[in-house]
Each structure stands twice: as C-alpha cells, then as structure tokens.
Amino acid sequence: KFEGHTATIASVIFAPDSKHVFSASLDETVRRWNLEAVESVGEILFSHEDRVWCICLSPGGDILASGGRDNTIRFSNPGDGSAIGNSCTTEAAVRSLAFSPSGKHVASASEDEMIQLWDVDTRREVRRFMGHTNFVLSVAFSGDGGHLLSASGDNTIRLWDTDTGAELRKLAGHTHAIPTVVY
C-alpha cells in the first residue's frame, strides 16, 4: 500500500532503475516512491500550482517532465525534484506528455484540442498538430520518432507526421472518449 497523495492519482511511471516509481496527482504534487523501503510514503519531489495530470521520463531517465491544469510543462531532476531550466507555457491544461525516442522533443496533449511539439533544450514550440475537436487526452511517439498517435474526447485516434505536422490518418468509430494511446 502506497500512501501520501490526498487526491486522485492521475499518472504513474517506473524509473529506469525499477527501484522507484513516480506519481502525479490532482493534489498538485509529484511524488517519488522507493519500492525497496519499508515505509511506503511517497516523497514529494515538487508541486504545480494546480492539478498534475501527467508525467513522463526522458529516454535516458535524466529528465522528469510533468504537466497539468496550471498550463505548464515542468522539467525536473528525477533524483531531487529540482527544476531543469524553464518551464513551457501552454494555452490550456496539459493532459499527456511523451518524450521523443531521441529525447530532443516532448509532445504535449492539451484541453484546447491541440498537440504541441517542444524542443527540450530551448523550451520553444517546434510545431502544432491541429484537428481534434475535443480535449486531447493522450499522445505517444512511434519507435523511430517519425509519427505521433493521439487520442481525444472527440472519440478519434489520429496519426501525425512529426516532421510536417500533417495528419496522416483519422481513426473513427469509438462511441466514447479514448483516454490512452500507446505506440
């Protein structure tokens, strides 16, 4: 049993060492859990100014990205929670994040029906992917980083070209929102 969060846990991921787990919560915190410890109380790494919907680790495991209702993407050291450079500011709440396989970019899915691709080094927006007609709830990169998959409250899954931002496929047919995609 893991204790510590005071509201719904929205996202959980393993650290590359498999000895730790990170969690994001609607209580505005990101916590780190030591799976080898006797006590199962998660250490607060840092907080956002509102609900934290999502977290993801860079491919090398050296950057923990988090996003939430405060319209920010924060980049942190997974060891101590310290900020790594500036945050990215979005126009709406961030529901999902995914690092590219190279670790050079992070994609964000937002409640403004948009996906944004960010340069991790400069924190600048590289590209926007537009076409969904409801919250974008999840994003995932292909293994080679050439494509993005997105899932939305508009009941569709879409396939995007990461180099051009072009929508390659629209997969319709679901009768409800699609909360998660995995490539």
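Right, let's walk through the structure included here.

About the criteria used
- Residues numbered from 1 in each chain as written.
- Predicted model: local features only at pLDDT ≥ 70, side-chain atom pairs only at ≥ 80, totals over all residues.
- Heavy atoms only, no water.
- Buried < 20%, exposed > 50% of the residue type's maximum accessible area, 1.4 Å probe, protein only.
- Helix = DSSP H or I, 4+ residues; strand = E, 2+ residues; numbered from the N terminus.
- Pairing = 2+ DSSP bridges.
- Contact = heavy atoms within 4.5 Å.
- Polar contact = N/O pair within 3.5 Å; in protein donor to acceptor, adjacent residues only side chain to side chain.

Let's talk about the pairing of strand E11 (residues 114-119)
Stage number 1. Across the six residues that make up E11, a large majority, five, are buried.
Stage number 2. Hairpin connection of strand E10 (residues 105-110) to E11: three residues between the antiparallel strands, including Glu-113 at a positive phi of 70 degrees.
Stage number 3. Here E11 runs beside strand E12 (residues 125-130); their pairing, made up of five bridges, is antiparallel. Bridging from a neighbouring strand, Met-114 pairs with Met-130 of E12.
Stage number 4. Where E11 hands over to E12, the hairpin turn is made up of five residues, of which Arg-123 adopts a positive phi near 65 degrees.

Quick notes on the environment of Val-94
Stage number 1. One can find Val-94 in strand E9 (residues 94-99).
Stage number 2. For the pair Val-94 and Asn-71, spaced 23 residues apart in the sequence, the C-alpha separation amounts to 6.0 Å.
Stage number 3. Residues contacting Val-94, with those up to four places away along its chain left out, are Trp-53, Cys-54, Gly-67, Gly-68, Thr-72, Ile-73, Ser-108, Ala-109 and Ser-110.

Some points on the side chain of Thr-90
Stage number 1. Along the chain, the position of Thr-90 falls in the loop between strand E8 (88-89) and E9.
Stage number 2. You can call Thr-90 buried: its relative accessible area is 6%.
Stage number 3. Here the side chain of Thr-90 touches Ala-92 through a polar contact of 2.6 Å, landing on its backbone oxygen.
Stage number 4. If sequence neighbours within four positions are ignored, Thr-90 has contacts with Asn-71, Thr-72, Ile-73, Ser-108, Ser-110, Gln-116 and Trp-118.

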